[in-house]
Amino acid sequence: MMKNNIFIIFIMSFLCLKNDCRGNKVTAFVFQLGTHVTKRSNLQNRASRSLYSTQEPRDVVSSQQDAKSSTNMKVMREHNPPSIDESSSFPDWAYQPRDFFRYELIYQSKKSNARVGRIHTPHGVIDTPGFVAVATNGALKGLDMRDADAAGQQLVFCNSYHLLLQPGPEVIEEAGGLHKFMNRPNGPLITDSGGFQVFSLAYGSVQESLESQGELKRSNSKSSSKSSSSLDGGPPVKVTEDGVYFRSYRDGTKIFLTPESTVDAQKSYGADIIIPLDQLPPYHIDRQQLVESVDRSHRWETRSLRRHLENTKDQAMYCVVHGGVDVELRTKSVEYLTSLPFDGYAIGGSLGKNSDELISLLEWMMPMFEEGHRKDKPRHLLGIADEKSILKSVKHGIDTFDSCYPTRLSRHGTLLTREGKIHIKSGKHSKSYGVKIDSECNCKTCQHYDRSYLWHLYKAKEPLFMQLGAVHNIQYMNDLMAQQRQAILDGKI
Amino acid sequence: MTDNIKLLLHAEDGSFPYLSDNLLATYFNPEDDLVKNHLTIGIAVKDTCVVPLYKKTGGDTNVKKLKRKRSTKEEHNGTETHTMQQNKVTKPSGYTFDAKPIHELTHLFSGYDTMVVPTFDLLEDSWVAMDKELVARHKKQRITKGEEEDDDDNGEEKKKRENSKVFPNVSSTKDKSSLITPNGVQQITPCMYAEVGMKLQCNSMLSLFDQAHPDDGKKRKIAAVERTQEWLEKCLSSIKLKGDGRQKYLWGAFSCVGGERLIADGSFTDLTQHDNVLLLIGIALVGWHHIPRRHDRIKIVNKVRKKVAAPGTQLCILAALTLEQIVEAASSGVGTIGTSLPVVWARSHKAMVSGLDVYQQYQSKGRLDSHGYMDLSNEKYRDDESPMLPNCLCLACKNGRHSKAYIHHLIKANELLAQILLFGHNLNQMLCLFQYLSKGEEKEEQS
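A quick note: this is a predicted structure, and the numbers were derived from the prediction, not measured. (Residues numbered from 1 in each chain as written. Chains lettered and ligands numbered in written order. Predicted model: local features only at pLDDT ≥ 70, side-chain atom pairs only at ≥ 80, totals over all residues. Heavy atoms only, no water.)

1. A few points about the overall build of chain A
The condition that has to hold: A run of H or I in DSSP counts as a helix once it spans at least four residues, and a run of E counts as a strand once it spans at least two, with each numbered from the N terminus. Categorising residues by exposure relies on relative accessible area from a 1.4 Å probe, with only protein chains included: less than 20% of the type maximum marks a residue as buried, more than 50% marks it as exposed, and the intermediate range marks it as partly exposed. A contact between two residues is defined here by any heavy atoms of the two lying within 4.5 Å. Here the open area of atoms and residues is found with the Shrake-Rupley method and a 1.4 Å probe, where only the protein chains shown may cover a residue.
Each helix and strand in chain A was counted, giving 20 helices and 16 strands. Evaluated residue by residue, chain A yields a buried proportion of 56% over its 493 residues. Taking the intrachain contacts of chain A between residues at least 6 apart in sequence as the baseline, contacts between residues at least 24 apart amount to 64%. As presented, chain A carries roughly 21,600 Å² of accessible surface, and 51% of it is formed by carbon and sulfur atoms.

What follows is the structure, given as structure tokens:
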């Protein structure tokens, strides 16, 4: 376009000079025309750098109900094409299939978007749909990995933020990576970027942020946790275009996390799947702020991807789709991020205030992942793994789910069964001799212990309870996913 | 040296601390020689596996929140109500110990050698009941002081105890022993205790005992020794009456604090002449670890062996606080040595050094160079990629499974897995030490 403008100016100048009529006035006119054209060209370039068109298409439908219509979705996509500039700035080889990581589709349901597959990683295979247990500090709470492996656990999630603070990437790298450090040579690992912790530092947990209506934790005078210690008297977290500042909850050191540094740390950890830096805004946020947040997340994720591709180290990188519950923003996010050479897609950001909103979000969003090359890559739902959400999300084509929910429940005396949760601390279990936690469960806990003994251990505050409870809950989740896979294969889902 | 010196492991609340079935079966299988020959699991009747927990009537039973004041006793509608601080736990009158076979109560694998005891240390119970952290601190001080006290007991410990006022009212009566349980202080007679013990169906049982503190007066010490002796008689009679005719079943308790004087007086029953001597496995020296001087500890063992026990009768101590005490006891001919060191060290982030090193140091120098452990919370282990011990076959070290750096990280991250790995390691090395102490010669660890 720039070249065309210059050509027009040249032609007009030539014509004027040739005719030699009107002299300086013509020259002045041509100059002004050239200036105007140049300005317009610069505006367009700036627009493409911010990744979105500055003009809203007039026929975009923003209400959720209308957006379910695939026709309207198509209209939106035609008016908001992915930024070609950014995607073309990645080398061609980045778009080629990886030889160390791939998603294998085993069976696609004919009744829904549910599917059975396998994710192949350098350290093992993950059957999907599958549950991902969370080992925050490189260890499952109260559980040796051998017990977790015996309970059927495949993929394990480690939190990059916590590992950054303790022991630090250099220690893990010296040890040969997380697999060697934790001694899990035959189990795949996934690490995140720390983006979620940015959110939790600033706004508290998801529940807290919903209750506080998106207020920063610094406003909450009752909050006295170390994590909310302020940065130089201000909020505990400071987000800039380059990255995010926050304080270590361990020793108060100020830390600056950038899209590049988080990738460098994850390279040191050496997990099979890594995640770029993103910003997670709270549920209650005005739209303009949400737009800015999504934009920033996209820019960060692009930078992270660029750094990752400098040396992939046999690691796969998933993008994180954002946009809250806003149809338009989610759509834009999907369109943009899936145009880049990520190896998989994580659904992140604010996922609604409850399970129903989450499912509603997935209902209109997930069909986008069935189009074209997107269906060949795995999809992960971040931070959600309660049973109700899983059962509904599987139908929409989610492949993996991570959450500390099952292990956290077990620490607090709640055990999962096919008939619902049981609270082992209840006195009614004290004489449940010979009664397993779950009559159909075959975990080590259910094989050897009854509810009465587990009640005793829990009441006596024996650490053994934590292990036994975690073994059971993890196996329960893995059994649940196995049932889902079988149900899909049997045509029931 | 005695063959097959056994470690009496305090199984708190009847559970094998920290170890799931999967790990137990792999690393501490009852069929393994190391376990079969050198491990006995001690079950205390005061633990929650035996004492049913009653519904609280109010307050929080979190032990850490218990303040340091004496428990008060109130009577309410004919039911004894004990108040430990704000907590009121109502129990029916009479003893309330749940008597079932131990494998039903605890789900321990069958095959482990098990022993019933009333408690491991009455005095320890009172500390634990009041403040677990305080106990840990004082234990650490006692362990440190234990080396100094051999030469110079300046009574500092006594002063601390007098000032702290932490002891609840746990004094026994002539007929009943007071045990601190999660329901508060409960009293039990020797016959009730014998009945409970037999129903638990363990391999052996320790008779009920009373225990005085070294700082107690002479009268109290004599009373404790005499009661222990009487209760032994009653236990023996109960077992003979209600038992299944088994032999070599009961450990006779001998209260060390004050007991020596009675041996010297000749007023202590010579158990070698006892009518029911066949029932006795041996003599358990209760409160042995409270004797401050090493010389006195060895002396009492020798006296008991000469004056009280029949030839070939085994000796047992209930609670050794340090590695030095363990090696001392073994050198003196004690065949069963109780300790909770593997657990205590695991909780305080300590990994035992090689059992062989401990044995060799003691043989060559008569003492240990260190306390016998590495403190893995120390920053110097942050980058140490080596396992805790290179040739150790425990669940943490075997095949270099976990490095010191990883365990250090787990400790810093406050992960329970650190305690699991440390306990497994400490127990393994402790059993190896007992193996060396038994055979009195260098042995390589059996795979």
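Read on for the rest.
2. Some points on the interface of chain A and chain B
The following threshold applies: A quick way to say it: buried area is the sum, across both parts, of accessible area lost when two parts are put together, with a 1.4 Å probe. Salt bridge, as used here, is a side-chain nitrogen of Lys or Arg placed within 4 Å of a carboxyl oxygen of Asp or Glu. A 3.5 Å cut-off defines polar contacts: any pair of N or O atoms within that distance qualifies, except that in protein one atom must be a possible hydrogen donor and the other a possible acceptor, and neighbouring residues in sequence count only when both atoms are side-chain atoms. Polarity classes work like this: nonpolar for Ala, Val, Leu, Ile, Met, Phe, Trp, Tyr, Cys and Pro, charged for Asp, Glu, Lys and Arg, and polar for all others, with Gly in that last group.
Residue-level contacts link 40 residues of chain A with 40 residues of chain B. For the chain A and chain B pair, buried surface summed over both sides reaches about 3,500 Å², with 49% attributable to carbon and sulfur atoms. Viewed at the interface, chain B and chain A are joined by two salt bridges. Between A:Lys141 and B:Glu415 there is a salt bridge; the shortest N-O distance is 2.9 Å. Between chain A and chain B we count 12 residue pairs in polar contact (both at pLDDT 80 or more) in total. Breaking the side of chain A that touches chain B down by element, the ones donating at least two residues are α6 (145–150), α8 (169–174), α9 (178–182), α18 (444–448), α19 (451–459) and α20 (463–489) of chain A. Counting residues per element, the side of chain A that touches chain B draws most heavily on α19(A), which supplies five residues. For the side of chain A that touches chain B, the residue count by class is 20 nonpolar, eight polar and 12 charged.

3. Focus on the packing of aromatic side chains
Residue and element names in this part refer to chain A. To keep it simple, the criterion reads: Side-chain rings of Phe, Tyr and Trp, where Trp is taken by its six-membered ring, are said to pair if the distance between their centres is within 6.5 Å; with planes under 30 degrees apart they count as stacked, over 60 as edge-to-face, and otherwise as tilted.
One pass over the structure, following the stated rule, counts 10 aromatic pairs over all chains. Ring centres of Tyr245 and Phe256 lie 4.2 Å apart, and the angle between their planes is 20°; on these two criteria the pair is classed as stacked. With Tyr245 in strand β8 (residues 244–247) and Phe256 in strand β9 (residues 254–257), this residue pair connects regions lying 11 residues apart in the sequence. Classification of Phe256 as partly exposed rests on a relative accessible area of 32%.

4. Some remarks on helix α13 (residues 287–310) of chain A
The test is simple: Expected span of a helix, by definition, is 1.5 Å for each gap between consecutive residues, and there is one gap fewer than residues.
The terminal C-alpha atoms of α13(A) lie 35 Å apart, and with 24 residues this matches the ideal 34 Å at 1.5 Å per residue to within 8%. One side-chain oxygen of the residue at the start of α13(A) lies 3.2 Å from the amide nitrogen of A:Gln288, identifying that residue as A:Asp286.

5. Here we look at the environment of B:Val257
All names here are of chain B. Positionally, Val257 belongs in the loop between β10 (250–255) and α9 (259–265). By relative accessible area, which is 7% here, Val257 ends up buried. Placed 253 residues apart in sequence, Val257 and Asn4 show a C-alpha to C-alpha distance of 27 Å. Not counting chain neighbours up to four residues away, the residues in contact with Val257 comprise Ala212, His213, Pro214, Lys221, Val225, Val286, Gly287 and His290.

6. A look at the confidence of the model for chain B
Atom-level detail of predicted coordinates should not be read off regions where pLDDT is low. All names here are of chain B. This is how it is decided: On a range of 0 to 100, pLDDT expresses the predictor's confidence in each residue.
In the predicted model, chain B carries a mean pLDDT of 77, and 70% of its residues have values of at least 70. The least confident element of chain B is strand β4 (residues 79–84), whose mean pLDDT is 35; the most confident is helix α14 (residues 404–412), at 96. Confidence drops under a pLDDT of 50 for residues 56–90, and excluding neighbours within four residues, the segment shows 69 contacts in the predicted structure. A low-confidence stretch, residues 441–447 stays under pLDDT 50, and its non-local contacts, those more than four residues away or across chains, total 17 contacts. Our summary of model confidence lists the complex with pTM equal to 0.80 and ipTM equal to 0.78.

7. So, the sheet that holds strand β9 (residues 204–206) of chain B
Residue and element names in this part refer to chain B. As a reminder of what qualifies: Should DSSP find at least two bridges between two strands, the strands are taken to pair. Angular values range over 0 to 180 degrees, each being the angle between N-to-C directions of two axes fitted as lines to C-alpha atoms, with helices fitted over their stretch in contact.
In space, the eight strands of this closed barrel follow the order β1-β2-β6-β9-β10-β11-β12-β13, with parallel pairing throughout. Averaged over neighbouring strand pairs, the angle between their axes works out to 25° when direction is ignored. In this sheet, β10 lies alongside β9 in parallel orientation, the contact comprising two bridges. Residue pairing in the sheet places Leu206 in a bridge with Trp251 of β10. Against the sheet, helix α7 (residues 190–200) contacts β6 (113–117) and β9, and its axis sits at roughly 155° relative to β9.

8. Quick notes on the sheet that holds strand β1 (residues 102–108) of chain A
Residue and element names in this part refer to chain A. On the basis of which strands lie adjacent, the open sheet formed by three strands has the order β1-β2-β3 and antiparallel pairing. Taken across any chain shown, the strands that pair with only one partner, and hence form the sheet edges, are β1 and β3 (124–128). Between one strand axis and the next, the sheet turns through 15° on average, direction left out of account. Direction of pairing for β1 relative to strand β2 (residues 115–121): antiparallel, over a ladder of six bridges. Bridge pairing links Glu104 to Arg118 in β2.

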